[in-house]
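# A structural walkthrough
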Amino acid sequence: MNLAERPRGLAAEREAPPGPDPSLLDTATDGLLARRASDGDEHAFETLLRRHLSLMTAYATRLTASRADASDAVQEASIAIWRELPTLTAPDAVRGWMMKIVSRKAFDLIRSRKPTADVDDDAVVAQLPVTDAGDPARLAVSADAMSGLRRALDALPALQRQAWILREVGGESYGEIAEHLGITTTAARGQLARARENLTREMEAWR
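The end-to-end C-alpha separation of helix α4 (residues 94-113) is 29 Å, in line with the 28 Å expected for 20 residues at 1.5 Å each. Among the residues making up α4, those that are buried are Val 94, Trp 97, Met 98, Met 99, Ile 101, Val 102, Ser 103, Lys 105, Ala 106, Phe 107, Leu 109 and Ile 110.

Spelled out as structure tokens, the structure:
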């Protein structure tokens, strides 16, 4: 998403406070940017959005499996982030908060364009433990490993891929994952366990 496409006309909803030279914002912490943006500082908001735009886009692309849908989701998320910033209670944790909004908007698009497959709870109850040493997130430490992880993620069934990304990238709880996917918490745990098992097996070469 081009930053020129950022939400327009929303700054009028809050009067921006006087602040430092916008060029100094590049070195500001996320927390400071979030606090200033919540007070209506457009420059702080642009800096915050620019800083995390690549991650937001990659996250939405993996969730939706569509670059077009991801672009739409990020645009909608950007509008929501600007509007909801005044409600943010932990500015220093703004990145995780932003990612949750991205996931919400991504799944809004998924639900509007195709129904989520039904899940057989009994088939996914079993959880398979995965040690830290076998955690794909910890194994992807090189360009080759990251490429392998992307291929492995693409090969997963949609629910498993989405559950893993929501947990490992978005840091979402089992309850939040279940809500996004339209399944039970038990089923969400099962999908995540199966995703981890499959990814660990695929990533054996990078142990």
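Packing of helix α2 (residues 42-64) against helix α7 (residues 158-168) leaves a shortest axis separation of 8 Å and a crossing angle of 155°. Relative to α7, α2 is oriented roughly antiparallel. Between α2 and α7, the residues in contact are Tyr 59, Arg 62 and Leu 63 and Arg 161, Gln 162, Ile 165 and Leu 166, respectively.

Now for the environment of Gln 162. Within the element layout of this structure, Gln 162 appears in helix α7. On the accessibility criterion, Gln 162 (7% relative accessible area) is buried. Distance from Gln 162 to Gln 191, taken between C-alpha atoms, is 9.0 Å for residues 29 residues apart in sequence. The residues touching Gln 162, leaving out its near neighbours within four places in the chain, are Leu 63, Phe 107, Ile 110 and Leu 181.

This next bit is on the environment of Arg 111. If you trace the backbone, Arg 111 turns up in helix α4. Distance in space between the C-alpha atoms of Arg 111 and Gly 182 is 9.5 Å, their sequence separation being 71 residues. Residues within four places of Arg 111 in sequence aside, it is in contact with Glu 179 and His 180.

As a further point, take the packing of aromatic side chains. Considering all chains together, one arrives at one aromatic pair under this definition. Considering the side-chain rings of Phe 45 and Trp 82, the 4.8 Å spacing of their centres and the 65° angle between planes classify their relative orientation as edge-to-face. Residue Phe 45 is found in helix α2, and its partner Trp 82 is found in helix α3 (residues 67-84); the two are separated by 37 residues along the sequence. Accessibility classification places Phe 45 together with Trp 82 in one group, the buried group. Residue placement shows Arg 167 over the ring face of Tyr 174; its charged tip is 4.4 Å from the ring centre.

Moving on, we get to the pattern of salt bridges. For the coordinates displayed, the defined rule picks out seven salt bridges. Across the salt bridge formed by Arg 36 and Asp 41, the nearest N and O atoms sit 2.9 Å from each other. You'll find Arg 36 and Asp 41 in the same group, each marked buried. In this structure, Arg 104 engages Glu 84 in a salt bridge whose closest nitrogen and oxygen atoms are separated by 2.8 Å. Of the two residues, Arg 104 sits in helix α4 while Glu 84 sits in helix α3, which places them 20 residues apart along the sequence.

The next thing to look at is the nonpolar core. Among the nonpolar cores identified, the biggest contains 53 residues, and Met 56, Ile 81, Leu 85, Val 94, Trp 97, Trp 164 and Leu 181 are the most heavily contacted of them. Elements represented by at least two residues in this core include exactly α1 (30-38), α2, α3, α4, α6 (143-155), α7, α8 (174-181) and α9 (185-202). The element that contributes the greatest number of residues to this core is α4, accounting for ten residues. Beyond its immediate sequence surroundings of up to four residues, Ile 81 is in contact with Phe 45, Met 56, Trp 97, Met 98 and Ile 101.

Along the chain, Arg 161 turns up in helix α7. For the buried residue Arg 161, which engages in no salt bridge, the nearest side chain bearing the opposite charge is Asp 154, 5.6 Å off. Setting aside residues up to four positions removed in sequence, Arg 161 forms contacts with Arg 62, Leu 63, Ala 65, Leu 153 and Leu 156.

This brings us to the packing of α7 against α9. Where α7 contacts α9, the axes come no closer than 8 Å and their chain directions differ by 95°. Accordingly, the angle class assigned to the pair α7 and α9 is roughly perpendicular. Only Gln 191, Leu 192, Arg 194, Ala 195, Arg 196, Asn 198 and Leu 199 of α9 make contact with α7, whose side of the interface consists of Leu 159, Gln 160, Ala 163, Trp 164, Arg 167 and Glu 168. Its residues placed into classes, the contact of α7 with α9 shows six nonpolar, three polar and four charged.

Conventions and cut-offs
- Residues numbered from 1 in each chain as written.
- Predicted model: local features only at pLDDT ≥ 70, side-chain atom pairs only at ≥ 80, totals over all residues.
- Heavy atoms only, no water.
- Helix = DSSP H or I, 4+ residues; strand = E, 2+ residues; numbered from the N terminus.
- Expected span 1.5 Å × (residues − 1).
- Buried < 20%, exposed > 50% of the residue type's maximum accessible area, 1.4 Å probe, protein only.
- Axes fitted to C-alpha atoms, helices over the stretch in contact; angles between N-to-C directions.
- Parallel < 35°, antiparallel > 145°, perpendicular 65-115°, else oblique.
- Contact = heavy atoms within 4.5 Å.
- Phe/Tyr/Trp six-rings, centres within 6.5 Å; stacked < 30°, edge-to-face > 60°.
- Lys NZ or Arg CZ within 6 Å of the ring centre and 35° of its normal.
- Salt bridge = Lys/Arg side-chain N within 4 Å of Asp/Glu carboxyl O.
- Core = buried A, V, L, I, M, F, W, Y, C linked by side-chain atoms within 4.5 Å.
- Lys, Arg positive; Asp, Glu negative; His and termini not counted.
- Nonpolar A, V, L, I, M, F, W, Y, C, P; charged D, E, K, R; others polar.

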